[in-house]
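Overview (structure and organization)
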Amino acid sequence: MAPATSFGQGGIGIIRLSGPGCLELVRPFVVGPRGGFPPWESHRLYYGQFVDSSHRVIDEVMAVYMASPRSYTREDVVEIHCHGGLVVGRRILETLRQAGARTAQPGEFTLRAFLNGRIDLSQAEGVMEVIEARHRSAHQIAVRHLEGSLAHFCTQLKEQLLDSLALLETWIDFPEEDIDHPSFDSILSTLAAVIESLRPVVASFRNGRVLREGVSVLILGKPNVGKSSLLNALVGTDRAIVTDLPGTTRDTLEEQLDLDGLRLRLTDTAGLRDSDDPVEQEGVRRACSKIAQADLVLFVIDGHRGMDDEDRSALMRCGEKNSIIVINKSDLPSVEIPPLPSYLPVISVSASTGAGIDRLRDELRIRVGVDDGVECPESLILTEERHHHALSQTLDKLHKSVESLNAGLSPEFIALDLREAVESLGVITGDTAPEEVINRIFSRFCIGK
């Protein structure tokens, strides 16, 4: 038993129960509009009142019973749809708890769906990815994982490898039968095809991580060059305080930007300069500490005042970081800027008028966008480190198997590598995943899921 929605001020709150006997536990507390009890036919929504053990009305509710196996967990499930609110939900939960229901563990409903075979482990992780998705691209990938695209892919590869493993096992068990060379050629052909299918999927992890987690973009420069104004211009709102006084920004300020479905985490920082002010010093320290963590730096220079030693010192802090140099204040008379590193793109903008901002956005797409060259079958993209590690191990074992076959090594060694490759595929779907891995995955879920 657990709330399937967050309790608080809202229109509806849902409480879910799953397991044998859940209907019998709930039945006495849901009374129909004429005082009787609903017939509780499966997958029908009933209107009534939820009462406590003393038959005092707690709330008007809608209730539904979903008989096994046609439910989320493949067990009997009852859901009570009450009004949103802390008191209502808590009173219903307390009534059910006193009647014998147990509070669910984090992710226990999805865990039961996995243990009962309704979904595999990668689909369970897809549930969490859907919940956590913060932008369009991440959501699309999560939905494909939830639909089972990764599990289907792994199952297909597993079947091909098992066929090859069966041939090897036959040779090992019955060496006197002598498997002819065309069979070994067939195994090599199968392994080559599996490797060719796996390689782009493993390579997709870099893109998948970016699409899921977003890209960290740090706005850097000396004071009063227009960093906060640039942040406001990019996000289209006055998010950061802007004044003519240097040192206005003394801490980091983060804002989200959706760039064609790719999430950018823009961070405005304190101006980099020497200062006797301890607060400003701390702001500068924090700004510098974020350089290493950023995926991209927007280094801002005041085009009206030109570049001085403070600009050069601040630019040196970026080192070889992936960066774009932004010459701001193009709406004002400009001065000549000394030669800048040729490997860095330079964009001229006016944060106050918006001139050049679209060109900067285009450059951002180029510098942080997903590689167009990586294509995956059926748009399959990895976003989880666990999946990437398992498929990388599979790929390594397959390469080793091919090398062993070409070197004429004993089939026992080749079979061992193939078994380990199959086991790595099973880690993704949960067939061979250790119990501690499964527990760690479901511990990330909320109580009601």
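See the structure above.
These notes cover the structure that comes with them. Computed from a predicted structure; not experimentally measured.

1. Quick look at the overall build of the protein chain
Counting secondary structure elements, the protein chain contains 15 helices and 12 strands. Looking at the protein chain as a whole, 48% of its 449 residues qualify as buried. A sequence separation of at least 24 residues applies to 65% of the contacts in the protein chain between residues at least 6 apart. By element, 50% of the accessible surface of the protein chain is carried by carbon and sulfur atoms, the whole surface being about 22,000 Å².

2. Concerning the sheet that holds strand 8 (residues 253–259)
Sheet architecture is open: 6 strands sit in the order 8-9-7-10-11-12, paired in mixed fashion. Two strands close off the open sheet at either side, each with one partner strand: strand 8 and strand 12 (346–348). Averaged over all pairs of adjacent strands, the angle between strand axes in this sheet comes to 25°, irrespective of strand direction. Note that strand 11 (residues 323–328) and strand 12 share 3 bridges and pair parallel.

3. Description of the sheet that holds strand 6 (residues 77–83)
Strand pairing in a sheet takes place through backbone hydrogen bonds and is either antiparallel or parallel in direction. Read from one edge of the open sheet, 6 strands run 1-2-6-5-4-3, paired in antiparallel fashion. Two strands lie at the open edges of the sheet, namely strand 1 (2–3) and strand 3 (30–31), each paired on one side alone. Note that strand 2 (residues 12–18) and strand 6 share 7 bridges and pair antiparallel. For Ile15, the partnering residue across the bridge sits in strand 6 and is Ile80.

4. Here's the deal with the packing of aromatic side chains
Under the criterion given, the structure shown has 4 aromatic pairs. Ring centres 5.8 Å apart and planes at 25° place the aromatic pair Phe29 and Phe50 in the stacked group. On the criterion of sequence distance, the pair formed by Phe29 in the loop between helix 1 (22–26) and strand 3 and Phe50 in strand 4 (residues 45–51) is long-range, its members being 21 residues apart. By relative accessible area, Phe50 is classed as buried at 0%. Connected via pairs of aromatic rings, a cluster forms that spans Phe114, Phe442 and Phe445. In this structure, Arg16 packs its charged tip against the face of Phe109, placed 5.3 Å from the ring centre. Cation over ring: Lys449 sits above Tyr72, and NZ or CZ is 4.5 Å from the ring centre.

5. A few points about unusual backbone geometry
Of note, the amide linkage connecting Ser68 to Pro69 takes the cis form, showing an omega dihedral of 5°. Checked against the element boundaries, Pro69 lands in the loop between strand 5 (57–66) and strand 6. Of note in the backbone geometry, His43 takes a positive phi value of approximately 60° without being a glycine. Mapped onto the elements of the fold, His43 is located in the loop between strand 3 and strand 4. On the basis of relative accessible area, His43 is assigned to the partly exposed category, the value being 36%.

Conventions and cut-offs
Residues numbered from 1 in each chain as written. Predicted model: local features only at pLDDT ≥ 70, side-chain atom pairs only at ≥ 80, totals over all residues. Heavy atoms only, no water. Helix = DSSP H or I, 4+ residues; strand = E, 2+ residues; numbered from the N terminus. Buried < 20%, exposed > 50% of the residue type's maximum accessible area, 1.4 Å probe, protein only. Contact = heavy atoms within 4.5 Å. Areas by Shrake-Rupley, 256 points an atom, 1.4 Å probe, with all protein chains shown as cover. Pairing = 2+ DSSP bridges. Axes fitted to C-alpha atoms, helices over the stretch in contact; angles between N-to-C directions. Phe/Tyr/Trp six-rings, centres within 6.5 Å; stacked < 30°, edge-to-face > 60°. Lys NZ or Arg CZ within 6 Å of the ring centre and 35° of its normal.

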